[in-house]
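Here is what each chain is made of, one letter per residue.
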Amino acid sequence: MTIFPRSIEEWYKPLTREEKIWIALAFIVALTLAGTTIAWHFIDRSHQVPSIAVEADPREFLSKAMEFSRTYSGKVVPEGTDIYLAAVRFTWIPSELILKAGVTYRIWVSSPDVLHGLSIIGPGDVVYNVMVMPGMAYVIHVKFDKPGEYEIRCNEFCGIGHANMIGRIRVVG
Amino acid sequence: MVLPGLFRTCPVTGLRVHLPTQRLIIANFVMALLSIVIGGIAAIFVGFSRGSTILVKDPEQYYIWLTAHGFNMLIFWILWFEVALVYFVSTVLLNTSIYSSRIGWLAFTLMLIGWLVVNVTVFTGNATVMFTAYPPMAAHPLFYLGYILFALGVFVALILFFLTLYKARVEGTYKGHLPLVTWGAAIAAIIGLTVVTHGAVALLTTFVWRLGLVESIDVMFYRWFFWGLGHNAQYVNVTAMVAVWYALLTLATGYTAARFVNERYARIAFALYTLFVVPGIGHHILVDPGFSVYLKQASGSVGSHFLSVPSMLHALALLGGLEATLRAAGHTGLFGWLAKIPWRNPGVAGLLLSMLLFGIGGVIAQPQTTLQPNLLFHNTMWVPAHFHLTVVGGTTLAFMALSYYVVPLLTLRRLISTRLATIQVYTAFIGILILAISMAILGWLGSPRRTLVLPELMKPEWWGPATLLVVGAAIWIASGALWVVLMLFTVLAGRRSTDPGELTSGLISAIIVKEGAKTSKMGSLVIVIIFLVVIMLALYFYSFLRLGFQPPFW
Ligand code: HEM
Ligand SMILES: [Cu+2]
Ligand SMILES: [Cu+2]
């Protein structure tokens, strides 16, 4: 019995057929789940966790993002332009991006201070979350198919003003 | 009934209890109780602010409460309870005394100092960094020292547990092999050692960095080792919880159901946890820059999916054991036996509801632990939905249910009311379920965790689930308070008794089985298949479908 010591003859019983079925079931379920993520890697190349990240000097990255923000504030980012997005306590630089629908952009995202999270929340069920790390720039390729307003929120606690870190992506036709 | 050598004999189980060990167990349990009270007060401020009612409007205060909530619940309540549990199963169940109560009090003191230092630094606003304490966000150096001292205390307690097992073996205080429950606790303690080693690496380096002895700290390095602590610790909880499940099945049915569990199978399932835990660390860094996609997939996805294997095996053993017992008592039909379960018994209800909540928590974890769909869930309220189901619905509820059995026996006082105990178990279930469902919906809609969303920052579609969250929080806080009240009244004002019948009245629903009756565990298999194969796979593939309809990103 489970709470009393037992001699080996008492507890060392062969597995029953039922129990063998249970073990098979558990492993089949786990294999199905594990197999799916591997299969997805080959099936849908356009919905993947970004795989490129490069080391980025915090100060250098911040000045790049500020320069980008000055150049393109209020303007549509032309095709083929690299976007620099910095998560800074407690704002996004730039805080608004205007992008063209149907165009693939490359976004570099990093932070000069602490950990942040990039969360893009949009109309039509759009949700996208990745970590933003100081010293490391993530390279993300995105293409917004439909025009609309998307929010950029910070989803990693970064301090008192964390909830106010809300930026915007406007996708125009 | 004090026997020479400071032992007393339990009037109900006949087990010998060493009194100095008992004091140690009770001291650790009291600290667990105190921690859940502090964490519960924090839960009022967190729960009623994160929903549609904004109790705390000042973010600074909210994040202090949230840090205090995470620490006192996840780290302190659970670990103090687990230390009490490993002492109990290694002494009382093995008919022996603790290897050294001096070492036990040393562990207690270290944990107490760590507990005090962390709580003081957190509540004075010097450590508003959450229990994860990710650098380069920095807290007061003392905070890391407190964290380290607490972990060190746990480490000493685990070593003491192993020494006690060794002592019992050498002195031959018991015949045969470890009881199943002790075996489960030993597996939990082995995993606990991996927790402490990873935690030492993460926290010592951070401490050294905060003292200014090194220039900078590698964030990725910290995150991996911190989650070596954080992730592995969850499997200490899971393993201890499953051990408690077996204890509940045994105690609440007056030993009858335990005969229908194959212990060899259960022991194998316990041992499997040690294989699968450490490879699963990667599911916390799935969307971090810098780690290779192949490492993420191998550890975070594939490794983590195999982690659910032992839990599935235990669920089948426990539910199947209960089913076979009821069938042996003459109840038939594929599901007819379900109606014959003693649902009013707090132990049986606690066991089954804890299993159900834990199972739902496991189901919603599967899409989130998979590399690509993690993009949909990472750092949203989906995550607290998942762990409130597992560590609150599963572990906390199981521990609460067990306390209705063990506390009266340790204090020789009658439980103040078994009826209220049953009510507490059911209200906990309802509250946690509503709380978790509302969190899951918020997470599905993208609402970030650890964020005080003031009304002007709320997206319109978040209001509905945020209101539901307040309802769930209210029910569950009331239920948790009821548990604390029942414990306090039992310990302080319960009627003293040494009569076995009195001490366990209303707590045991013995199921009278007919010898040689036909049993089967078919109904349990069908239930688990519906749960896992149908519901879980549906949710899993639906989240891939949702991912496929997102704008392209890679
Ligand atoms: C008493 C009722 C409880 C309520 C109403 C409650 C409510 C909440 C809420 C709303 C959050 C998320 C807040 C946010 O992310 O902004 C949270 C976080 C959390 N809760 Fe609870 N909870 C309760 C009990 C528990 C228990 C018993 C445990 C553990 C055993 C627990 C462990 C945690 C942890 C670890 C976090 C995460 C803290 C962090 O993100 O750093 N909670 N709780
Ligand atoms: Cu933030
Ligand atoms: Cu984990």
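Reading guide: rules and limits
Residues numbered from 1 in each chain as written. Chains lettered and ligands numbered in written order. Predicted model: local features only at pLDDT ≥ 70, side-chain atom pairs only at ≥ 80, totals over all residues. Heavy atoms only, no water. Helix = DSSP H or I, 4+ residues; strand = E, 2+ residues; numbered from the N terminus. Rg over C-alpha atoms; globule rule 2.2 N^0.38 Å. Buried < 20%, exposed > 50% of the residue type's maximum accessible area, 1.4 Å probe, protein only. Contact = heavy atoms within 4.5 Å. Areas by Shrake-Rupley, 256 points an atom, 1.4 Å probe, with all protein chains shown as cover. Lys, Arg positive; Asp, Glu negative; His and termini not counted. Charge placed at Lys NZ, Arg CZ, Asp CG, Glu CD. Pairing = 2+ DSSP bridges. Axes fitted to C-alpha atoms, helices over the stretch in contact; angles between N-to-C directions. Buried area = accessible area lost by both parts, 1.4 Å probe. Salt bridge = Lys/Arg side-chain N within 4 Å of Asp/Glu carboxyl O. Polar contact = N/O pair within 3.5 Å; in protein donor to acceptor, adjacent residues only side chain to side chain. Donors = N, O, S within 2.8 Å, 3.2 Å for Na, K, Ca; no water. Near = heavy atom within 4 Å. Parallel < 35°, antiparallel > 145°, perpendicular 65-115°, else oblique. Left-handed = near helix turned anticlockwise from the far one by under 90°. Nonpolar A, V, L, I, M, F, W, Y, C, P; charged D, E, K, R; others polar. Domains from an automatic or database assignment.

**Q** I'd like to hear about the overall build of chain A, residue by residue, with values.
**A** Along its length, chain A carries 3 helices and 10 strands. For chain A, the N- to C-terminal ordering of α and β elements is α-α-β-α-β-β-β-β-β-β-β-β-β. Its C-alpha atoms give chain A a radius of gyration of 24 Å, clearly above 16 Å, the size a compact globule of 173 residues would have. For the C-alpha atoms alone, the extent of chain A along its principal axes is close to 80 × 35 × 30 Å. In chain A, which comprises 173 residues, the proportion classed as buried is 51%.

**Q** Which residues make up the overall build of chain B, and what values do they have?
**A** Each helix and strand counted, chain B has 16 helices and 3 strands in total. Computed over C-alpha atoms, the radius of gyration of chain B comes to 23 Å, within 12% of the 24 Å expected from 2.2 N^0.38 for 554 residues, which places it in the range of a compact globule. Along the three orthogonal principal directions, the C-alpha set of chain B runs to about 65 × 55 × 45 Å. Taken across its 554 residues, chain B has 65% of its residues classed as buried. Put simply, 83% of the contacts in chain B that link residues at least 6 apart link residues at least 24 apart. When the accessible surface of chain B is totalled, it reaches about 18,600 Å², and 72% of it is carbon and sulfur. Taken together, the 30 basic and 14 acidic charged side chains of chain B have centroids lying 11 Å from each other.

**Q** For the sheet that holds strand β8 (residues 136-143) of chain A, give the residues involved together with the corresponding values.
**A** Residues and elements named next belong to chain A. On the basis of which strands lie adjacent, the open sheet formed by 5 strands has the order β1-β8-β5-β2-β3 and mixed pairing. Strands at the two margins of the open sheet, each flanked by one partner only, are β1 (52-55) and β3 (91-93). Across the sheet, the mean angle separating the axes of adjacent strands is 25° when strand polarity is ignored.

**Q** Could you give me a rundown of the interface of chain A and chain B, with the residues and numbers involved?
**A** Listed per partner, the contact involves 79 residues of chain A and 97 residues of chain B. Summed over both partners, the interface of chain A with chain B comes to about 7,900 Å²; 70% of that surface belongs to carbon and sulfur atoms. Viewed at the interface, chain B and chain A are joined by 3 salt bridges. Note that glutamate 156 of chain A is salt-bridged to arginine 450 of chain B, the shortest N-O span being 3.4 Å. At the surface where chain A touches chain B, the tally comes to 31 residue pairs in polar contact (both at pLDDT 80 or more). Mapped onto the side of chain A that touches chain B, the elements with two or more residues apiece are α1 (8-11), α2 (17-43), β6 (116-122), β7 (126-132), β8 and β9 (148-154) of chain A. Counting residues per element, the side of chain A that touches chain B draws most heavily on α2 of chain A, which supplies 19 residues.

**Q** Go over the coordination of the copper ion (ligand 3), please, and point to the residues and values.
**A** All names here are of chain B. Within the protein, the copper ion (ligand 3) binds to His231 (ND1), His283 (NE2) and His284 (NE2); these donor distances fall in the range 2.0 to 2.3 Å. Here the donor residues for the copper ion (ligand 3) map to a single chain with the spacing H-x51-H-H. With histidine 231 in helix α6 (residues 219-252) and histidine 284 in the loop between α7 (263-276) and α8 (293-328), this residue pair connects regions lying 53 residues apart in the sequence.

**Q** Talk me through unusual backbone geometry; I want residue IDs and the actual numbers.
**A** A cis amide bond links arginine 89 of chain A to the next residue, phenylalanine 90 of chain A, at an omega of -5°. Mapped onto the elements, phenylalanine 90 of chain A comes out in the loop between β2 (82-88) and β3. Cis rather than trans, the peptide bond between proline 135 of chain B and proline 136 of chain B has omega equal to 5°. The backbone of asparagine 95 of chain B shows a phi angle near 65°, a positive value even though the residue is not glycine. Considering the arrangement of structural elements, one finds asparagine 95 of chain B in the loop between α2 (59-91) and α3 (101-123). Under the relative-accessibility criterion, asparagine 95 of chain B is labelled partly exposed at 27%. One non-glycine residue with positive phi stands out, namely leucine 412 of chain B, at about 55°. Considering the arrangement of structural elements, one finds leucine 412 of chain B in the loop between α12 (382-411) and α13 (418-444).

**Q** Residue-level account of the site of ligand 1, with values.
**A** Residue and element names in this part refer to chain B. Contacts to ligand 1 come from 25 residues, most closely from Tyr62, His69, His388, Arg450 and Trp476. Within the contact set of ligand 1, an oxygen atom lies 2.7 Å away from a side-chain nitrogen or oxygen of tyrosine 62. The separation between an oxygen atom of ligand 1 and a polar main-chain atom of arginine 450 is 2.7 Å. Broken down by secondary-structure element, the contributors of at least two residues to the shell around ligand 1 are α1 (19-50), α2, α12, α13 and α14 (463-493). Considering each element in turn, the shell around ligand 1 owes the most residues, 6 residues, to α2.

**Q** Tell me about the packing of α8 of chain B against helix α16 (residues 522-548) of chain B, and name the residues and values.
**A** Residues and elements named next belong to chain B. Across the interface, α8 lies against α16 with an axial gap of 8 Å and an inter-helix angle of 150°. In terms of their interaxial angle, α8 and α16 are classed as roughly antiparallel. For the pair α8 and α16, the crossing hand works out as right-handed. Contacts between α8 and α16 pair His305, Met312, Leu316, Leu319, Gly320, Glu323 and Arg327 from the former with Met522, Gly523, Ser524, Leu525, Ile527, Val528, Leu532 and Tyr540 from the latter. Looking at side-chain class alone, the contact of α8 with α16 contains 9 nonpolar, 4 polar and 2 charged residues.

**Q** Break down the pattern of salt bridges for me, with residues and values.
**A** One pass over the structure, following the stated rule, counts 13 salt bridges over all chains. For lysine 459 of chain B, the salt bridge is made with glutamate 151 of chain A, and the minimal N-O distance between the two is 3.5 Å. Here the residue lysine 459 of chain B occupies a position in the loop between α13 and α14, and glutamate 151 of chain A occupies one in strand β9, the pair thus bridging two chains. Take lysine 459 of chain B and glutamate 151 of chain A: they sit in the same class, and that class is buried.

**Q** Got a sec to walk through the pairing of β7 of chain A? Specific residues and values, please.
**A** Residues and elements named next belong to chain A. Burial within β7 is extensive, with 7 of its 7 residues counted as buried. Here β6 runs beside β7; their pairing, made up of 7 bridges, is antiparallel. Within β7, the residue paired with isoleucine 121 across the bridge is valine 127. Hairpin connection between β6 and β7: a loop of 3 residues separates the two successive antiparallel strands, and glycine 124 in this loop has a positive phi of roughly 65°.

**Q** Summarise the domain arrangement of chain A; cite the residues concerned and give the values.
**A** Split by domain assignment, chain A resolves into domain 1 (8-43) and domain 2 (52-172). Centre-to-centre, using C-alpha coordinates, domain 1 of chain A lies 42 Å away from domain 2 of chain A.

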